[in-house]
Amino acid sequence: MVRNLSSRVFVAGHRGMVGSAIVRRLQALGYENIVTAGRDELNLLDQAAVQGFFGAHKFDQVYLAAAKVGGIHANNTYPAEFIYDNLMIEANVVQAAHVTGVQKLLFLGSSCIYPKHADQPMKEDALLTGVLEATNEPYAVAKIAGIKLCESYNRQYGRDYRSVMPTNLYGPNDNFHPDNSHVIPALLRRFHEAVQQGVREVVIWGSGTPMREFLHVDDMASASVHVMELDNSAYAANTKPMLSHINVGTGVDCTIRELAETVARVTGFDGKLIFDSAKPDGTPRKLMDVSRLKALGWQYAIELEDGLRDAYRWFVRAGADVRA
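The structure presented is a predicted model; accordingly, all values stated were derived computationally and were not measured. (Residues numbered from 1 in each chain as written. Predicted model: local features only at pLDDT ≥ 70, side-chain atom pairs only at ≥ 80, totals over all residues. Heavy atoms only, no water.)

Draft legend 1. How the structure looks around the pattern of salt bridges. Here the structure, examined in full by the defined rule, presents 15 salt bridges. Here Arg285 makes a salt bridge to Asp253, at a shortest N to O gap of 2.7 Å. Here Asp253 lies in the loop between strand S10 (246-248) and strand S11 (254-255) and Arg285 lies in strand S13 (residues 285-286), a separation of 32 residues in the sequence. With its nearest N and O atoms 3.9 Å apart, the salt bridge here joins Asp310 to Arg313. Of the two residues, Asp310 and Arg313 are both situated in helix H11 (residues 304-318); the distance of three residues between them amounts to about one turn of the helix. With relative accessibility at 22%, the residue Asp310 sits in the partly exposed group. For Arg313, a relative accessible area of 45% corresponds to the partly exposed category. (Salt bridge = Lys/Arg side-chain N within 4 Å of Asp/Glu carboxyl O. Helix = DSSP H or I, 4+ residues; strand = E, 2+ residues; numbered from the N terminus. Buried < 20%, exposed > 50% of the residue type's maximum accessible area, 1.4 Å probe, protein only.)

Draft legend 2. Geometry of H11. Here H11 spans 21 Å end to end across 15 residues, near enough to the 21 Å set by a 1.5 Å rise per residue. Within H11, the full set of buried residues consists of Gly307, Leu308, Ala311, Tyr312, Trp314, Phe315 and Ala318. Projection of H11 onto a plane perpendicular to its axis shows the buried side chains occupying an angular sector of 160°, all on one side. H11 presents Asp306 and Arg317 as exposed residues on the side facing more than 90 degrees away from its buried surface. Phi turns positive one or two residues past the end of H11, at Gly319, with a value near 65°. (Expected span 1.5 Å × (residues − 1). Arc of directions from axis to C-beta.)

Draft legend 3. Up close: the packing of helix H1 (residues 17-29) against helix H7 (residues 217-229). Between H1 and H7, whose axes approach to 8 Å, the crossing angle comes to 65°. Seen along the crossing, H1 lies across H7 with a hand that is right-handed. Of H7, the residues touching H1 (which contributes Met17, Val18, Ala21, Ile22, Arg24, Arg25, Leu26 and Leu29) are Val217, Asp218, Met220, Ala221, Ser222, Ser224, Val225 and Glu229. Its residues placed into classes, the contact of H1 with H7 shows 10 nonpolar, two polar and four charged. (Axes fitted to C-alpha atoms, helices over the stretch in contact; angles between N-to-C directions. Left-handed = near helix turned anticlockwise from the far one by under 90°. Contact = heavy atoms within 4.5 Å. Nonpolar A, V, L, I, M, F, W, Y, C, P; charged D, E, K, R; others polar.)

Draft legend 4. Expanded view of the sheet that holds strand S3 (residues 61-64). On the basis of which strands lie adjacent, the open sheet formed by six strands has the order S2-S1-S3-S4-S5-S10 and parallel pairing. Bordering the open sheet on either side are strand S2 (33-35) and S10, each of which pairs with just one other strand. On average, each strand axis in the sheet is inclined to that of its neighbour by 20°, with strand direction left out of account. The pairing of strand S5 (residues 160-166) with S10 spans three bridges and is classified as parallel. Within the sheet, the bridge partner assigned to Met165 lies in S10 and is Asn247. Together, strand S1 (8-12), S2 and S3 form the strand contacts of helix H2 (residues 47-57), whose direction differs from that of S1 by roughly 160°. (Pairing = 2+ DSSP bridges.)

Draft legend 5. Structural detail: the packing of aromatic side chains. Going through the model one piece at a time under the given rule, you end up with 13 aromatic pairs. Plain terms: the ring middles of Phe53 and Phe59 are 5.7 Å apart, the flat faces sit at 40° to each other, and that makes the pair tilted. Pair check on accessibility: Phe53 and Phe59 agree, each one buried. Ring plane angle 35° and centroid distance 4.6 Å describe the contact between Phe176 and Phe315, whose orientation is recorded as tilted. Here the residue Phe176 occupies a position in the loop between strand S6 (168-170) and helix H6 (183-197), and Phe315 occupies one in helix H11, the gap between them amounting to 139 residues. The exposure class assigned to Phe176 is buried, which follows from its relative accessible area of 2%. For Phe315, a relative accessible area of 0% translates into the label buried. An aromatic cluster is defined as three or more aromatic residues linked by ring pairs; in this entry it consists of Phe10, Phe53, Phe54 and Phe59. Stacked on the ring of Tyr78, the Lys or Arg Lys68 has its end atom at 5.9 Å from the ring centre. Sitting above the plane of the Phe82 ring, Lys68 keeps its charged end 5.3 Å from the centroid. (Phe/Tyr/Trp six-rings, centres within 6.5 Å; stacked < 30°, edge-to-face > 60°. Lys NZ or Arg CZ within 6 Å of the ring centre and 35° of its normal.)

Draft legend 6. Representation of H2 in the model. Regarding H2, the residues found buried are Val50, Phe53 and Phe54. Here the buried residues of H2 occupy an arc of 95° about the axis, which is enough to place them on one side. More than 90 degrees from the buried face of H2, the exposed residues found are Ala48 and Ala56. The secondary structure elements touched by the buried residues of H2 are S1, S2, S3 and helix H4 (79-99). Two or three places before Ala48, at the start of H2, stands the capping residue Asp46, its side-chain oxygen 3.2 Å from that residue's backbone nitrogen. Phi turns positive one or two residues past the end of H2, at Lys58, with a value near 55°. (Polar contact = N/O pair within 3.5 Å; in protein donor to acceptor, adjacent residues only side chain to side chain.)

Draft legend 7. Layout of the sheet that holds S11. Taken together, three strands build an open sheet; the order of strands is S11-S8-S13 and the sheet is mixed. Each of the sheet's edge strands pairs with one partner strand only, and the pair in question is S11 and S13. Summarising the sheet, strand S8 (residues 211-212) and S11 pair through two bridges and their orientation is antiparallel. Bridge pairing in S11 places Arg212 opposite Cys254.

Written as C-alpha coordinates, this is what we have:
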(Lines give C-alpha, C1' and ligand atoms only; values in the text may rest on other atoms or scores of the structure.)
Protein backbone atom coordinates (compact mmCIF):
# COMPACT_ATOMS: atom_id res chain seq x y z
CA MET A 1 0.00 0.00 0.00
CA VAL A 2 1.42 3.37 -1.06
CA ARG A 3 0.10 6.44 0.80
CA ASN A 4 1.67 9.89 0.73
CA LEU A 5 -0.59 12.27 2.65
CA SER A 6 1.19 15.31 1.24
CA SER A 7 0.40 14.32 -2.37
CA ARG A 8 -1.40 17.00 -4.36
CA VAL A 9 -4.67 15.29 -5.33
CA PHE A 10 -7.30 16.52 -7.79
CA VAL A 11 -10.82 15.10 -7.48
CA ALA A 12 -12.73 15.87 -10.68
CA GLY A 13 -16.46 15.89 -10.05
CA HIS A 14 -16.26 16.63 -6.33
CA ARG A 15 -19.85 17.92 -6.13
CA GLY A 16 -21.31 14.66 -7.41
CA MET A 17 -22.24 11.66 -5.31
CA VAL A 18 -19.04 9.71 -5.95
CA GLY A 19 -16.63 12.64 -6.08
CA SER A 20 -17.90 14.08 -2.80
CA ALA A 21 -17.55 10.66 -1.14
CA ILE A 22 -13.95 10.36 -2.39
CA VAL A 23 -13.16 13.79 -0.93
CA ARG A 24 -14.65 12.70 2.42
CA ARG A 25 -12.59 9.51 2.36
CA LEU A 26 -9.34 11.30 1.53
CA GLN A 27 -9.97 13.85 4.28
CA ALA A 28 -10.67 11.08 6.79
CA LEU A 29 -7.37 9.43 5.89
CA GLY A 30 -5.51 12.70 6.46
CA TYR A 31 -4.68 13.83 2.92
CA GLU A 32 -3.53 17.44 3.19
CA ASN A 33 -3.64 18.80 -0.37
CA ILE A 34 -6.99 17.99 -1.99
CA VAL A 35 -7.87 20.26 -4.91
CA THR A 36 -11.38 20.60 -6.34
CA ALA A 37 -12.98 22.84 -8.96
CA GLY A 38 -16.68 23.39 -9.66
CA ARG A 39 -18.14 23.93 -13.12
CA ASP A 40 -18.03 27.68 -12.57
CA GLU A 41 -14.25 27.41 -12.08
CA LEU A 42 -13.36 24.74 -14.64
CA ASN A 43 -15.28 23.47 -17.68
CA LEU A 44 -14.03 19.92 -18.20
CA LEU A 45 -15.39 19.99 -21.76
CA ASP A 46 -12.88 22.77 -22.61
CA GLN A 47 -9.56 21.15 -23.51
CA ALA A 48 -7.49 24.33 -23.25
CA ALA A 49 -9.00 25.22 -19.88
CA VAL A 50 -8.32 21.74 -18.50
CA GLN A 51 -4.72 21.75 -19.70
CA GLY A 52 -4.18 25.22 -18.23
CA PHE A 53 -5.65 24.13 -14.89
CA PHE A 54 -3.44 21.05 -14.71
CA GLY A 55 -0.38 23.05 -15.72
CA ALA A 56 -1.00 25.54 -12.93
CA HIS A 57 -1.46 22.95 -10.17
CA LYS A 58 1.06 20.15 -10.86
CA PHE A 59 -0.97 17.27 -9.42
CA ASP A 60 0.46 14.00 -8.11
CA GLN A 61 -2.83 12.05 -8.31
CA VAL A 62 -6.14 12.47 -10.12
CA TYR A 63 -9.50 10.86 -9.35
CA LEU A 64 -11.67 11.16 -12.45
CA ALA A 65 -15.17 10.97 -10.96
CA ALA A 66 -16.71 13.65 -13.17
CA ALA A 67 -19.31 12.36 -15.64
CA LYS A 68 -22.74 12.98 -17.09
CA VAL A 69 -24.94 10.34 -15.45
CA GLY A 70 -28.61 9.43 -15.25
CA GLY A 71 -31.18 6.67 -15.29
CA ILE A 72 -32.92 4.91 -18.19
CA HIS A 73 -35.13 7.91 -19.02
CA ALA A 74 -32.19 10.32 -19.14
CA ASN A 75 -30.02 7.94 -21.19
CA ASN A 76 -32.86 7.40 -23.67
CA THR A 77 -33.67 11.09 -23.95
CA TYR A 78 -30.16 12.57 -24.20
CA PRO A 79 -27.93 9.94 -25.90
CA ALA A 80 -25.86 12.53 -27.77
CA GLU A 81 -24.97 14.41 -24.59
CA PHE A 82 -24.21 11.18 -22.74
CA ILE A 83 -21.64 10.01 -25.28
CA TYR A 84 -20.17 13.41 -26.19
CA ASP A 85 -19.82 14.88 -22.71
CA ASN A 86 -18.32 11.73 -21.21
CA LEU A 87 -15.86 11.21 -24.07
CA MET A 88 -14.72 14.82 -23.89
CA ILE A 89 -14.36 14.88 -20.09
CA GLU A 90 -12.23 11.73 -19.93
CA ALA A 91 -10.13 12.61 -22.97
CA ASN A 92 -9.41 16.12 -21.73
CA VAL A 93 -8.54 15.04 -18.18
CA VAL A 94 -6.39 12.04 -19.11
CA GLN A 95 -4.47 13.97 -21.77
CA ALA A 96 -3.92 16.93 -19.44
CA ALA A 97 -2.74 14.58 -16.70
CA HIS A 98 -0.25 12.97 -19.07
CA VAL A 99 1.22 16.15 -20.56
CA THR A 100 1.68 17.70 -17.11
CA GLY A 101 3.44 14.62 -15.73
CA VAL A 102 0.73 13.11 -13.51
CA GLN A 103 1.77 9.49 -13.01
CA LYS A 104 -1.24 8.20 -11.04
CA LEU A 105 -4.88 8.51 -12.12
CA LEU A 106 -8.05 6.60 -11.28
CA PHE A 107 -10.90 6.52 -13.81
CA LEU A 108 -14.39 5.66 -12.57
CA GLY A 109 -16.59 3.75 -15.00
CA SER A 110 -19.82 1.78 -14.69
CA SER A 111 -21.12 -1.79 -14.74
CA CYS A 112 -23.07 -0.92 -17.90
CA ILE A 113 -19.83 -1.50 -19.87
CA TYR A 114 -20.67 -5.22 -19.93
CA PRO A 115 -22.80 -6.97 -22.57
CA LYS A 116 -26.55 -7.09 -21.98
CA HIS A 117 -26.49 -10.88 -21.74
CA ALA A 118 -23.14 -11.34 -19.99
CA ASP A 119 -22.81 -14.41 -17.80
CA GLN A 120 -23.64 -13.73 -14.14
CA PRO A 121 -21.85 -12.69 -12.05
CA MET A 122 -20.06 -10.46 -14.58
CA LYS A 123 -16.31 -10.91 -14.70
CA GLU A 124 -13.91 -8.25 -15.97
CA ASP A 125 -13.07 -10.37 -19.02
CA ALA A 126 -16.69 -10.13 -20.24
CA LEU A 127 -15.81 -6.68 -21.63
CA LEU A 128 -16.33 -6.40 -25.41
CA THR A 129 -17.72 -9.93 -25.72
CA GLY A 130 -21.29 -9.03 -26.73
CA VAL A 131 -23.98 -6.47 -27.52
CA LEU A 132 -24.59 -3.70 -24.99
CA GLU A 133 -27.93 -2.75 -23.42
CA ALA A 134 -29.52 -0.46 -26.04
CA THR A 135 -30.93 2.12 -23.63
CA ASN A 136 -27.52 3.19 -22.29
CA GLU A 137 -25.20 2.11 -25.11
CA PRO A 138 -23.82 5.64 -25.78
CA TYR A 139 -22.87 6.07 -22.11
CA ALA A 140 -21.39 2.56 -21.96
CA VAL A 141 -19.31 3.14 -25.10
CA ALA A 142 -17.90 6.32 -23.56
CA LYS A 143 -16.97 4.46 -20.36
CA ILE A 144 -15.33 1.64 -22.33
CA ALA A 145 -13.35 4.28 -24.21
CA GLY A 146 -12.20 5.68 -20.86
CA ILE A 147 -10.80 2.31 -19.81
CA LYS A 148 -8.98 1.90 -23.11
CA LEU A 149 -7.73 5.49 -22.93
CA CYS A 150 -6.07 4.77 -19.58
CA GLU A 151 -4.65 1.45 -20.77
CA SER A 152 -3.27 3.05 -23.93
CA TYR A 153 -1.41 5.77 -22.01
CA ASN A 154 -0.03 3.08 -19.71
CA ARG A 155 1.07 0.98 -22.66
CA GLN A 156 2.64 3.78 -24.69
CA TYR A 157 3.94 6.13 -22.00
CA GLY A 158 4.36 3.97 -18.89
CA ARG A 159 1.69 5.81 -16.92
CA ASP A 160 -0.15 4.26 -13.95
CA TYR A 161 -3.74 5.02 -14.89
CA ARG A 162 -6.22 2.59 -13.33
CA SER A 163 -9.96 2.02 -13.76
CA VAL A 164 -12.69 0.87 -11.38
CA MET A 165 -16.18 -0.22 -12.48
CA PRO A 166 -18.82 0.21 -9.77
CA THR A 167 -22.13 -1.56 -9.58
CA ASN A 168 -25.29 0.52 -8.93
CA LEU A 169 -24.38 3.24 -6.43
CA TYR A 170 -26.52 5.18 -3.97
CA GLY A 171 -26.06 7.46 -0.96
CA PRO A 172 -25.63 11.11 0.05
CA ASN A 173 -25.58 13.61 -2.84
CA ASP A 174 -27.46 11.24 -5.12
CA ASN A 175 -29.74 12.62 -7.85
CA PHE A 176 -33.35 12.58 -6.65
CA HIS A 177 -34.86 14.19 -9.77
CA PRO A 178 -38.39 12.83 -10.41
CA ASP A 179 -37.57 11.83 -14.02
CA ASN A 180 -33.79 11.43 -14.34
CA SER A 181 -32.82 9.51 -11.19
CA HIS A 182 -31.77 5.89 -10.67
CA VAL A 183 -33.94 3.29 -8.96
CA ILE A 184 -32.96 3.82 -5.28
CA PRO A 185 -33.33 7.63 -5.14
CA ALA A 186 -36.49 7.33 -7.24
CA LEU A 187 -38.00 4.85 -4.78
CA LEU A 188 -36.86 6.78 -1.69
CA ARG A 189 -38.51 9.91 -3.05
CA ARG A 190 -41.70 8.13 -4.15
CA PHE A 191 -42.20 6.38 -0.80
CA HIS A 192 -41.32 9.53 1.17
CA GLU A 193 -43.88 11.57 -0.74
CA ALA A 194 -46.50 8.83 -0.30
CA VAL A 195 -45.98 8.94 3.47
CA GLN A 196 -46.10 12.74 3.54
CA GLN A 197 -49.28 12.88 1.44
CA GLY A 198 -51.05 9.93 3.09
CA VAL A 199 -51.11 7.90 -0.14
CA ARG A 200 -51.80 4.20 0.52
CA GLU A 201 -50.44 2.71 -2.70
CA VAL A 202 -47.09 3.11 -4.46
CA VAL A 203 -46.61 1.98 -8.06
CA ILE A 204 -43.26 0.48 -9.03
CA TRP A 205 -42.18 -0.05 -12.63
CA GLY A 206 -41.91 -3.65 -13.83
CA SER A 207 -42.67 -7.04 -12.33
CA GLY A 208 -40.30 -6.69 -9.37
CA THR A 209 -38.41 -9.84 -10.36
CA PRO A 210 -35.19 -8.39 -11.90
CA MET A 211 -32.19 -8.69 -9.61
CA ARG A 212 -29.79 -5.82 -8.95
CA GLU A 213 -26.70 -5.22 -6.84
CA PHE A 214 -26.27 -1.98 -4.89
CA LEU A 215 -23.23 -0.38 -3.25
CA HIS A 216 -23.20 2.55 -0.84
CA VAL A 217 -21.12 5.41 -2.22
CA ASP A 218 -18.92 5.55 0.91
CA ASP A 219 -17.89 1.96 0.19
CA MET A 220 -17.18 2.99 -3.40
CA ALA A 221 -14.94 5.80 -2.18
CA SER A 222 -13.12 3.44 0.14
CA ALA A 223 -12.53 0.97 -2.72
CA SER A 224 -11.37 3.76 -5.05
CA VAL A 225 -8.72 5.01 -2.66
CA HIS A 226 -7.69 1.42 -1.93
CA VAL A 227 -7.11 0.72 -5.63
CA MET A 228 -5.27 4.01 -6.14
CA GLU A 229 -2.95 3.26 -3.22
CA LEU A 230 -2.12 -0.33 -4.21
CA ASP A 231 1.56 -0.78 -4.95
CA ASN A 232 2.41 -1.58 -8.55
CA SER A 233 3.35 -5.20 -7.91
CA ALA A 234 0.03 -6.09 -6.25
CA TYR A 235 -1.97 -4.30 -8.94
CA ALA A 236 -0.02 -5.87 -11.80
CA ALA A 237 -0.29 -9.35 -10.29
CA ASN A 238 -4.09 -9.22 -10.36
CA THR A 239 -4.74 -7.41 -13.66
CA LYS A 240 -3.66 -7.52 -17.30
CA PRO A 241 -2.23 -4.52 -19.23
CA MET A 242 -5.17 -4.35 -21.67
CA LEU A 243 -7.76 -5.83 -19.28
CA SER A 244 -6.88 -3.79 -16.24
CA HIS A 245 -10.23 -2.54 -14.92
CA ILE A 246 -11.51 -3.74 -11.55
CA ASN A 247 -15.14 -4.42 -10.61
CA VAL A 248 -16.38 -2.78 -7.42
CA GLY A 249 -19.48 -4.13 -5.72
CA THR A 250 -20.82 -6.28 -2.92
CA GLY A 251 -21.15 -9.54 -4.83
CA VAL A 252 -24.69 -9.72 -3.37
CA ASP A 253 -27.95 -8.84 -5.14
CA CYS A 254 -31.67 -8.67 -4.46
CA THR A 255 -34.89 -8.45 -6.44
CA ILE A 256 -36.48 -5.07 -7.14
CA ARG A 257 -39.43 -6.27 -5.04
CA GLU A 258 -37.10 -6.91 -2.08
CA LEU A 259 -35.52 -3.51 -2.61
CA ALA A 260 -38.93 -1.79 -2.65
CA GLU A 261 -39.98 -3.60 0.52
CA THR A 262 -36.78 -2.46 2.24
CA VAL A 263 -37.29 1.14 1.10
CA ALA A 264 -40.85 0.97 2.45
CA ARG A 265 -39.50 -0.04 5.88
CA VAL A 266 -36.84 2.68 5.82
CA THR A 267 -39.32 5.43 4.93
CA GLY A 268 -42.10 4.19 7.20
CA PHE A 269 -44.52 3.39 4.37
CA ASP A 270 -47.00 0.68 5.41
CA GLY A 271 -49.36 0.79 2.42
CA LYS A 272 -49.62 -1.44 -0.66
CA LEU A 273 -46.93 -1.98 -3.31
CA ILE A 274 -48.24 -2.20 -6.89
CA PHE A 275 -45.92 -3.62 -9.56
CA ASP A 276 -46.76 -2.38 -13.06
CA SER A 277 -45.77 -5.26 -15.35
CA ALA A 278 -46.64 -3.19 -18.41
CA LYS A 279 -43.46 -1.18 -17.75
CA PRO A 280 -40.08 -2.62 -18.82
CA ASP A 281 -38.02 -4.78 -16.48
CA GLY A 282 -34.69 -4.28 -18.21
CA THR A 283 -31.95 -6.88 -17.86
CA PRO A 284 -33.08 -9.84 -15.69
CA ARG A 285 -29.93 -9.75 -13.54
CA LYS A 286 -26.83 -7.58 -13.13
CA LEU A 287 -24.34 -8.88 -10.58
CA MET A 288 -20.62 -8.10 -10.46
CA ASP A 289 -17.91 -10.67 -9.90
CA VAL A 290 -15.74 -8.95 -7.28
CA SER A 291 -13.17 -11.69 -6.77
CA ARG A 292 -10.41 -9.57 -8.34
CA LEU A 293 -10.99 -6.77 -5.83
CA LYS A 294 -11.20 -9.22 -2.91
CA ALA A 295 -7.85 -10.68 -3.99
CA LEU A 296 -6.50 -7.13 -3.77
CA GLY A 297 -7.63 -6.88 -0.14
CA TRP A 298 -10.93 -4.96 -0.18
CA GLN A 299 -14.59 -5.84 0.42
CA TYR A 300 -17.72 -3.87 1.21
CA ALA A 301 -18.72 -2.86 4.77
CA ILE A 302 -22.19 -1.24 4.52
CA GLU A 303 -25.22 -3.53 4.33
CA LEU A 304 -28.09 -2.44 2.07
CA GLU A 305 -30.70 -1.53 4.70
CA ASP A 306 -28.16 0.42 6.76
CA GLY A 307 -27.02 2.24 3.63
CA LEU A 308 -30.59 3.05 2.60
CA ARG A 309 -31.27 4.55 6.03
CA ASP A 310 -28.19 6.73 5.64
CA ALA A 311 -29.28 7.85 2.15
CA TYR A 312 -32.81 8.58 3.38
CA ARG A 313 -31.55 10.66 6.32
CA TRP A 314 -29.50 12.73 3.88
CA PHE A 315 -32.49 13.17 1.56
CA VAL A 316 -34.73 14.37 4.40
CA ARG A 317 -32.05 16.79 5.68
CA ALA A 318 -31.39 18.17 2.19
CA GLY A 319 -35.09 18.97 1.81
CA ALA A 320 -36.33 21.01 -1.12
CA ASP A 321 -32.82 21.45 -2.54
CA VAL A 322 -32.87 17.92 -4.00
CA ARG A 323 -36.55 17.67 -4.92
CA ALA A 324 -36.75 20.04 -7.85
